[in-house]
Amino acid sequence: MPLPDATKDKRIYQLLKNIDLGNLTFSEFQTAAQSVFAEPEAEDTLRRIVLVNLARMSVAGDWAGLTSAGGGGSGYGVLRPQTTSGTFDGFEVCSMAPWGVAASSYSPTAAAAYPQGYPFVSPKSGDVARIEVYCSTASASSTVKVAIYAQDETTHMPSTMLGYVDLDSSSTGTIAATSFTGGTPTLVAGTQYWIVQARGSASYGSFRGVGEDARLGLGMASDPTNGPNCQANFVGDWNAANPVDNVGTLSQYVSGDALRVLLKWA
Amino acid sequence: MDRNFRVYDGQEIIEQGMRDVSWDEIRHYRDAELVRTDPWALKDRTMSQEKKDYRTFLRDLPGNHDSANDAADAWAAYEIPE
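Residues numbered from 1 in each chain as written. Chains lettered and ligands numbered in written order. Predicted model: local features only at pLDDT ≥ 70, side-chain atom pairs only at ≥ 80, totals over all residues. Heavy atoms only, no water.

Engineer: Quick rundown of the interface of chain A and chain B? Include the residues and the values.
Structural biologist: Residue-level contacts link 17 residues of chain A with 16 residues of chain B. Overall, the association of chain A and chain B removes approximately 1400 Å² of surface from exposure, summing both partners, and the carbon and sulfur fraction of that is 40%. Summed over the shared surface of chain A and chain B, the number is zero salt bridges. Our enumeration of links across chain A and chain B arrives at 13 residue pairs in polar contact (both at pLDDT 80 or more). (Contact = heavy atoms within 4.5 Å. Buried area = accessible area lost by both parts, 1.4 Å probe. Salt bridge = Lys/Arg side-chain N within 4 Å of Asp/Glu carboxyl O. Polar contact = N/O pair within 3.5 Å; in protein donor to acceptor, adjacent residues only side chain to side chain.)

Engineer: If you had to explain the nonpolar core to someone new, which residues and values would you point to?
Structural biologist: Core analysis: the largest hydrophobic core is formed by 31 residues, its most contacted members being Ile131(A), Val146(A), Ile148(A), Leu167(A), Ile195(A), Val261(A) and Leu263(A). No other element matches the four residues that strand β4 (residues 126-137) of chain A contributes to this core. Every residue in contact with Leu167(A), bar those within four places of it in the chain, is listed here: Ile131(A), Val133(A), Ser142(A), Thr143(A), Val144(A), Val146(A), Ile175(A), Ala176(A) and Ala177(A). Listed in part, the 15 residues of the second largest apolar core include Met47(B), Leu58(B), Leu61(B) and Trp75(B). (Core = buried A, V, L, I, M, F, W, Y, C linked by side-chain atoms within 4.5 Å. Buried < 20%, exposed > 50% of the residue type's maximum accessible area, 1.4 Å probe, protein only. Helix = DSSP H or I, 4+ residues; strand = E, 2+ residues; numbered from the N terminus.)

Engineer: If you had to explain the pairing of strand β10 (residues 206-210) of chain A to someone new, which residues and values would you point to?
Structural biologist: All names here are of chain A. Within β10, five of the five residues are buried, which leaves the element mostly enclosed by the surrounding structure. As judged from the two bridges shared by β4 and β10, these two strands associate in the antiparallel manner. Residue pairing across strands places Thr 137 opposite Ser 206, the latter belonging to β10. One ladder, built from two bridges, connects β10 with strand β13 (residues 258-259); its direction is antiparallel. Residue pairing in the sheet places Val 210 in a bridge with Ala 258 of β13. (Pairing = 2+ DSSP bridges.)

Engineer: Outline the packing of helix α1 (residues 23-37) of chain B against helix α3 (residues 68-77) of chain B, supporting the account with residue identities and numerical values.
Structural biologist: All names here are of chain B. The N-to-C vectors of α1 and α3 enclose an angle of 35°; their axes lie 9 Å apart at closest approach. Every pair of crossing elements has a handedness; the one defined by α1 and α3 is left-handed. Along the contact surface, α1 presents Trp 23, Ile 26, Tyr 29, Arg 30 and Glu 33, while α3 presents Ala 68, Ala 71, Ala 72 and Trp 75. A breakdown of the residues in the contact of α1 with α3 according to their chemical character gives seven nonpolar, no polar and two charged. (Axes fitted to C-alpha atoms, helices over the stretch in contact; angles between N-to-C directions. Left-handed = near helix turned anticlockwise from the far one by under 90°. Nonpolar A, V, L, I, M, F, W, Y, C, P; charged D, E, K, R; others polar.)

Written as structure tokens, this is what we have:
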């Protein structure tokens, strides 16, 4: 129903008629709504614009309030600045909110024999196309495994492995892998996952990481003297020959550096 | 700073080469390396000539190289004292 003294106007519906609410992103909605003038003659459409965005946010996921762009877009929960550089096309998950820190240190980390991991919130939806790390000290015939795990809804610990890569660390430099074992991880923006890494061979290289003192903690400690403990050990022998599908339960919070992992989407 | 990169599809290398770096990146890691090696210069320690040379090399990176890529390659080839 138009407002009592407003001219009936359905422009916003016509502009968006081919997109259902579940797939309507904020950007698409904004593009359509921005074409309407804020003037008395458009009063009815202005009202309908509010209604459409309210409906869009209502079906797009968790309610984030009217001051947020809501779901259907990034869903990231915080407003991550968009870089303007075309070369910045990856997401360094160890340095992203809420768990990450600015990876300003030049800290090398040796790949551990047992699985270690840290949580991250995916900034983007879709299939992960590429995982990159930087090997600072090479070791002959060495590999490191990097896996992405979904999170258990109750314990918020890693549950199902979504896929892993073997990265050859027999020479230094940036190492990227584009194909996954165990499936290609498909992530959903705003959802928490885990990066888990371990040695893939008896020998091991060193990688660029976030220094232990710089890591953000998971917030669990036995006493106030505990160091930052974002990274966690897991029960389970995730060895080179037989990477298991589940890293198991949390064993302990450990010292050590968090591996700097870059994720890229297609 | 090693500019080498390798992209794998499974076991197969599908792309490799040398990536370009910027002076900003060089400075970022150079500054971090100077911070890491600052303890070498503590009063109660005697810094070896190799370590002095290395820190001088780091400080002189911008002045001694025409491009950031050259500076990165020189750094990668430098034998860093322990």
